[in-house]
Amino acid sequence: MGEVLTRMFFGGFVRMHVLYHAAQTPIFGAEMIEELRRHDYDIGPGTLYPMLHQLHQAGLLSCSSDVVRGKRRKYYRATPEGIAALDEAERKLRELVAEVLHDRVPEEGPYGRRGGE
């Protein structure tokens, strides 16, 4: 069950990581694959490029291209909508980390207190 849960979260973590870097500076696919590998995400072009296209189609990334060493390279940059989405995801991630890793359960919420307390 742990592997299934990890796989379910994996895509969201990678997307957030991509948005984070695209908010800092323009990124391109091969560079992001290497960056993700540095963080132990073993992701290939067949996964990353469709993800970049999805984020672009969703309006979270803008795309431009340039010719580098005779090859066309697409650069992606976070849009204002992408930055807003990243900010919201960061807020939610901080809240989740506080709850899960530091056992700081919100006093009230849609599910009440943990364990029916």
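Read on for a plain summary of the structure. (Residues numbered from 1 in each chain as written. Predicted model: local features only at pLDDT ≥ 70, side-chain atom pairs only at ≥ 80, totals over all residues. Heavy atoms only, no water.)

### Focus on the packing of aromatic side chains
Per the stated rule, a full pass over the model turns up 3 aromatic pairs. Plain terms: the ring middles of Phe-10 and Tyr-41 are 5.4 Å apart, the flat faces sit at 55 degrees to each other, and that makes the pair tilted. Here Phe-10, found in helix 1 (residues 2-24), pairs with Tyr-41, found in the loop between helix 2 (29-38) and helix 3 (45-57); they are 31 residues apart in sequence, far enough to count as distant. What makes Tyr-41 buried here is its relative accessible area of 17%. Directly above the ring of Phe-28 sits Arg-73, whose terminal nitrogen or CZ lies 3.8 Å from the centroid. (Phe/Tyr/Trp six-rings, centres within 6.5 Å; stacked < 30°, edge-to-face > 60°. Helix = DSSP H or I, 4+ residues; strand = E, 2+ residues; numbered from the N terminus. Buried < 20%, exposed > 50% of the residue type's maximum accessible area, 1.4 Å probe, protein only. Lys NZ or Arg CZ within 6 Å of the ring centre and 35° of its normal.)

### Thoughts on a nonpolar patch on the surface
Residues Val-4, Leu-5, Met-8, Phe-9 and Phe-13 make up a contiguous nonpolar surface patch of roughly 510 Å² in combined accessible area. Structurally, Val-4 can be placed in helix 1. (Patch = residues over 30% accessible without salt bridge, like charges linked within 9 Å, V, L, I, M, F, W, Y side chains within 5 Å. Areas by Shrake-Rupley, 256 points an atom, 1.4 Å probe, with all protein chains shown as cover. Salt bridge = Lys/Arg side-chain N within 4 Å of Asp/Glu carboxyl O.)

### Digging into the pattern of salt bridges
By the definition in use, this model includes 6 salt bridges. In this structure, Arg-91 and Glu-88 form a salt bridge, with 2.7 Å as the shortest nitrogen-oxygen distance. Note that Arg-91 and Glu-88 are positioned in helix 4 (residues 80-100) at a spacing of 3 residues, about one turn of the helix. The exposure class of Arg-91 is partly exposed, given its relative accessible area of 42%. The residue Arg-91 makes a salt bridge to Glu-95 at a minimum N-O spacing of 3.7 Å. One end of the pair, Arg-91, and the other, Glu-95, are both in helix 4, 4 residues apart, so they sit about a helical turn from each other. The network of salt bridges with shared partners includes Glu-88, Arg-91, Lys-92 and Glu-95.

### Details of helix 3
Across its 13 residues, helix 3 extends 18 Å between first and last C-alpha, which sits within 8% of the 18 Å expected from 1.5 Å per residue. Gly-59 lies just past helix 3 and shows a positive phi near 85 degrees. (Expected span 1.5 Å × (residues − 1).)

### Points about the nonpolar core
Counting 20 residues, the largest nonpolar core has Val-14, Val-18, Ile-27, Leu-36, Leu-48, Leu-52 and Leu-61 as its most contacted members. Elements with a contribution of two residues or more to this core: helix 1, helix 2, helix 3 and strand 2 (71-78). Sequence-distant contacts of Leu-61, that is, excluding residues within four places in its chain, are made with Leu-19, Ala-22, Leu-52, Leu-55, His-56, Tyr-76, Arg-77, Ala-78 and Thr-79. (Core = buried A, V, L, I, M, F, W, Y, C linked by side-chain atoms within 4.5 Å. Contact = heavy atoms within 4.5 Å.)

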